[in-house]
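The primary structure of each chain is shown beneath.
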Amino acid sequence: MDRFQWFENIVIPGETEILGQGSVKLYDGNKKTVFETGYLTLSSHRLRWKDDINPNTDMSLNLSKIVLVEKESATWTKSAKIIAHLSAILEEDKKPGPVKFSPFNYVKFSFRGGGDKEFFNALSDAIAKKAWEDPSAAYPKGKQYRAGIVGIERQIRDRNEATGETISEAFEDLKNLMKMAKEMVNLSKSVSQKLREKQSDVTEDETIQFKSYLLSLGISDPVTKSEYGSGNTFHVELAKQLSEALAKPLQEAGGILSLTEVYCRVNRARGVELISPEDLLNACLMLDKLTLPIKLYKFDSGVMVLRLESYDTASEARKVGEILQEKESLTADELSILTKATLVIAKERLLFLEKEGIACRDDSIEGLRFYPNRFLTEAA
């Protein structure tokens, strides 16, 4: 980050503002910084990052210092990032900035609020054009805004117009999806009925088409509101289907899955017949009443999971405790990798050990780490 300098509000000939994105965090190499949340602006000549909380923290990076940009995809626990590899040559007359020296020749921009794909494409395009070397290569179609209130009003108007166009396109896609979903469900019900009645009038084309739809749906004949309504009956039937569909995934996951993961798995299996988070939660609340083999459980932290009725909390705690003793210390990330559990479940298991007095925590700038409670295993 020693290539950054404090932002100067000066006019650069030919500079054009291209794109802006909020909720962006800065990394110096792989190292976290104090620059947690800010607004990142891309122009034809530089990147500008301004802190949302402290407006005095305002810095910029010349695009001429960037030699390569890469994307880092998002995961369940980490936001998508753009990695900017910087020139190793430092200017002798470099202007003051937030960092005097850094051992890294790259920085990362973490996009917590999305927008990483659009920003990456725009940044790559700006670096390729090198408008700072050739003003004619800048953005002739880019909109120049006057300073002051008039300029701000025009920017807001243009952004609203762009947002309106995006929303209109999204609704058009949604209408097409709903139309296709209705046709697919009707066909699946028709062929299912024929197969159940063992009639011989199922054509080969219908059979092939039906099989292809089943591959995309994952769950044949999913429970829908059009069949059972939107009340209690729908949630009861959905709960029964959840119990059947999640039995094998729960066994493979060690008997427990977070509700977030359940939601993604179920909707992926249902294909186009998606359910809302509220419907999933209401169906899960029915599991105990229906005495099904999976149950809804809520940790002290508020995290909700589904787990098999046969899930043994004490046995699982012993296994994690043994791993903790062997490794001498663990973070949720490390336990997640060792046990192949999600990060949320791994953290809850460590918190459970702490609650039972088996583990102690060390919450430092490097993150939350757990250690064995030696008061239980070693004499005073």
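Residues numbered from 1 in each chain as written. Predicted model: local features only at pLDDT ≥ 70, side-chain atom pairs only at ≥ 80, totals over all residues. Heavy atoms only, no water.

Digging into the overall build of the protein
Next, step 1: Within the protein one finds eleven helices and 14 strands.
Next, step 2: In the protein, which comprises 380 residues, the proportion classed as buried is 38%.
Next, step 3: Considering only contacts in the protein between residues 6 or more positions apart, those separated by 24 or more positions represent 57%.
Next, step 4: If you sum the accessible surface of the protein, you get close to 23100 Å²; carbon and sulfur atoms cover 53% of it. (Helix = DSSP H or I, 4+ residues; strand = E, 2+ residues; numbered from the N terminus. Buried < 20%, exposed > 50% of the residue type's maximum accessible area, 1.4 Å probe, protein only. Contact = heavy atoms within 4.5 Å. Areas by Shrake-Rupley, 256 points an atom, 1.4 Å probe, with all protein chains shown as cover.)

So, the pairing of strand β9 (residues 106-111)
Next, step 1: Counting buried positions along β9 yields six of six residues, so the element is predominantly enclosed.
Next, step 2: Both faces of β9 are covered, namely the face carrying Tyr-106, Lys-108 and Ser-110 and the face carrying Val-107, Phe-109 and Phe-111.
Next, step 3: As judged from the five bridges shared by strand β2 (residues 17-28) and β9, these two strands associate in the antiparallel manner. Bridge pairing links Tyr-27 to Lys-108 in β9.
Next, step 4: For strand β8 (residues 80-86) and β9, the ladder comprises six bridges, and the chain directions are antiparallel. (Pairing = 2+ DSSP bridges.)

With respect to the sheet that holds strand β11 (residues 294-298)
Next, step 1: With respect to topology, three strands assemble into an open sheet ordered β10-β12-β11, the strand pairing being antiparallel. Looking at the sheet topology across the chains shown, the edges are occupied by β10 (256-258) and β11. Taking each pair of neighbouring strands and ignoring which way they run, the sheet shows an average axis angle of 25 degrees.
Next, step 2: Sheet topology note: the β10/strand β12 (residues 304-308) ladder contains three bridges and is antiparallel. Within the sheet, the bridge partner assigned to Ser-258 lies in β12 and is Val-305. (Axes fitted to C-alpha atoms, helices over the stretch in contact; angles between N-to-C directions.)

A word on the packing of aromatic side chains
Next, step 1: This model, assessed by the stated rule, comprises four aromatic pairs.
Next, step 2: Ring centres 5.4 Å apart and planes at 55 degrees place the aromatic pair Phe-111 and Phe-119 in the tilted group. Take Phe-111 and Phe-119: they sit in the same class, and that class is buried.
Next, step 3: Its end group placed over the ring of Phe-7, Arg-48 keeps NZ or CZ at 3.8 Å from the ring centre. (Phe/Tyr/Trp six-rings, centres within 6.5 Å; stacked < 30°, edge-to-face > 60°. Lys NZ or Arg CZ within 6 Å of the ring centre and 35° of its normal.)

Remarks on the environment of Val-67
Next, step 1: Looking at where Val-67 falls in the secondary structure, it is placed in strand β7 (residues 66-72).
Next, step 2: Residue Val-67 is classed as exposed on the basis of its relative accessible area of 55%.
Next, step 3: Taking C-alpha positions, Val-67 is 9.6 Å from Ala-88, a pair spaced 21 residues apart along the chain.

Some words on the nonpolar core
Next, step 1: Met-1, Leu-40, Leu-42, Leu-47, Ile-66, Phe-109 and Leu-123 are the most contacted members of the largest nonpolar core, which has 27 residues in total.
Next, step 2: In terms of residue count, the dominant contributor to this core is helix α1 (residues 116-129) (six residues).
Next, step 3: Setting aside anything within four residues of it in sequence, one finds Leu-42 in contact with Glu-17, Ile-18, Leu-19, Leu-47, Leu-63, Phe-119, Ala-122, Leu-123 and Ala-126. (Core = buried A, V, L, I, M, F, W, Y, C linked by side-chain atoms within 4.5 Å.)

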